[in-house]
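# Architecture and fold: a report
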Amino acid sequence: GAVVSQHPSWVICKSGTSVKIECRSLDFQATTMFWYRQFPKQSLMLMATSNEGSKATYEQGVEKDKFLINHASLTLSTLTVTSAHPEDSSFYICSASSGFVNSGNTIYFGEGSWLTVV
Amino acid sequence: GENVEQHPSTLSVQEGDSAVIKCTYSDSASNYFPWYKQELGKGPQLIIDIRSNVGEKKDQRIAVTLNKTAKHFSLHITETQPEDSAVYFCAAPPQGGSEKLVFGKGTKLTVNP
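Since the structure is predicted, the reported quantities are computational estimates derived from the model, not experimental observations.

Basis of the calculations
- Residues numbered from 1 in each chain as written.
- Chains lettered and ligands numbered in written order.
- Predicted model: local features only at pLDDT ≥ 70, side-chain atom pairs only at ≥ 80, totals over all residues.
- Heavy atoms only, no water.
- Helix = DSSP H or I, 4+ residues; strand = E, 2+ residues; numbered from the N terminus.
- Rg over C-alpha atoms; globule rule 2.2 N^0.38 Å.
- Buried < 20%, exposed > 50% of the residue type's maximum accessible area, 1.4 Å probe, protein only.
- Contact = heavy atoms within 4.5 Å.
- Areas by Shrake-Rupley, 256 points an atom, 1.4 Å probe, with all protein chains shown as cover.
- Lys, Arg positive; Asp, Glu negative; His and termini not counted.
- Charge placed at Lys NZ, Arg CZ, Asp CG, Glu CD.
- Buried area = accessible area lost by both parts, 1.4 Å probe.
- Salt bridge = Lys/Arg side-chain N within 4 Å of Asp/Glu carboxyl O.
- Nonpolar A, V, L, I, M, F, W, Y, C, P; charged D, E, K, R; others polar.
- Phe/Tyr/Trp six-rings, centres within 6.5 Å; stacked < 30°, edge-to-face > 60°.
- Patch = residues over 30% accessible without salt bridge, like charges linked within 9 Å, V, L, I, M, F, W, Y side chains within 5 Å.
- Disulfide = S-S within 2.5 Å.

Each helix and strand counted, chain B has zero helices and 11 strands in total. For chain B, the succession of helices and strands along the chain, N to C, is β-β-β-β-β-β-β-β-β-β-β. By the compact-globule yardstick of 13 Å for 113 residues, chain B fits well, its C-alpha radius of gyration being 14 Å. With the principal axes as the frame, chain B shows a C-alpha extent of 45 × 30 × 20 Å. Counting all 113 residues of chain B, 44% fall into the buried class. Here the contacts in chain B between residues at least 6 apart in sequence split such that 54% fall between residues at least 24 apart. When the accessible area of chain B is evaluated, it comes to approximately 5,500 Å², of which 46% is carbon and sulfur surface. Averaged over its 12 positive side-chain charges, chain B has a centre that lies 4 Å from the centre of its 13 negative ones.

Here it is as structure tokens:
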């Protein structure tokens, strides 16, 4: 299957600082990328959907000023957690697709990034 | 919107036995149904998917069946091995938006040696 790479795989930051996570599609052009948050023993919670060159669409309850998403190219999307607090500690996962799944495309996930805010 | 229900939440089998995980969905317009395997501390990995023009798809020890009339699809793993132990998620595209997926709550599969 297609490869989606996330970096860093884990990061520790101090409370009040910002941290950026990158998501790259290595062997296909991702017109759409998705960012998820996952708490222990729970399912994936969609945070936002980003399309290349346009503003991200955030799910209800997700603070857009807190979680800044940029999708500047067809192979790169970034999630920046601003003014991080301990409650932002979580497993963040991105996924990418080259088009609508109902039109024959598939969604592939990155390996995830563990964020710990101390 | 789409609602995906997944059962069971946990499943324990002996090595060599079969495992079956079932999902139901609510939107009759959905036509794509993937299954993902998530190992501890890693991102989900697509293991098999099916589109609504077929009723069954098989890949070695893994198969997925789809019943569009009843709006449910199932993952079948035969001859289970300890490395099959993981959390499995089913998903379906939501109504009105076919870019993203709605996920089930996951099934933790444990294969005992």
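Contact residues are listed per partner, giving 25 residues for chain A and 20 residues for chain B. When chain A packs against chain B, the two sides together hide about 1,900 Å² of surface, and 53% of this comes from carbon and sulfur. Area buried by chain A at its contact with chain B is led by Val101(A), Asn102(A) and Phe109(A), which between them contribute 27% of it. Here chain A and chain B share one salt bridge between them. For the salt bridge of Glu59(A) with Lys100(B), the shortest nitrogen-to-oxygen distance reads 3.0 Å. In the side of chain A that touches chain B, the residues fall into 12 nonpolar, 11 polar and two charged.

Take the packing of aromatic side chains next. For the structure on display, the rule yields 13 aromatic pairs over all chains. Taking the centre distance of 5.6 Å and the plane angle of 65° together, the rings of Trp35(B) and Phe73(B) count as edge-to-face. You can see Trp35(B) sitting in strand E4 (residues 32–38) and its partner Phe73(B) sitting in strand E8 (residues 72–77), a full 38 residues away along the chain. Owing to a relative accessible area of 0%, Trp35(B) belongs among the buried residues under this scheme. The exposure class of Phe73(B) is buried, given its relative accessible area of 0%. An aromatic cluster of three or more residues is present, and its members are Tyr36(A), Phe109(A), Tyr36(B), Phe89(B) and Phe103(B).

With that settled, consider a nonpolar patch on the surface. Side chains of Trp10(A), Ile12(A), Trp114(A) and Val118(A) sit close together on the surface and give an oily, nonpolar patch of about 490 Å² of accessible area. By the secondary structure assignment, Trp10(A) is in strand E2 (residues 10–13).

Quick look at the state of the cysteines now. One pass over the structure, following the stated rule, counts two disulfides over all chains. Linked covalently through their sulfurs, Cys23(A) and Cys94(A) form a disulfide whose S-S length is 2.0 Å. Classification of the bridge connecting Cys23(A) and Cys94(A) rests on its S-S torsion, roughly 75°, and on that basis the disulfide is right-handed. Placement of the pair is Cys23(A) in strand E3 (residues 19–25) and Cys94(A) in strand E9 (residues 90–97), with a sequence separation of 71 residues. Residue class for Cys23(A) comes out buried when judged on its relative accessible area of 0%. Look at Cys94(A) and you get buried, because its relative accessible area is 0%. Disulfide pairing places Cys23(B) opposite Cys90(B) at an S-S distance of 1.9 Å. Between Cys23(B) and Cys90(B), the S-S dihedral sits near -90°, and the bridge is therefore left-handed. Taken together, the residues Cys23(B) in strand E3 (residues 19–25) and Cys90(B) in strand E9 (residues 86–92) connect sequence positions 67 residues apart. In this structure, Cys23(B) and Cys90(B) share a single accessibility class: buried. Free of any disulfide, Cys13(A) has its nearest cysteine sulfur in Cys94(A), 18 Å distant.

Honestly, it's all geometry; don't read function into it.
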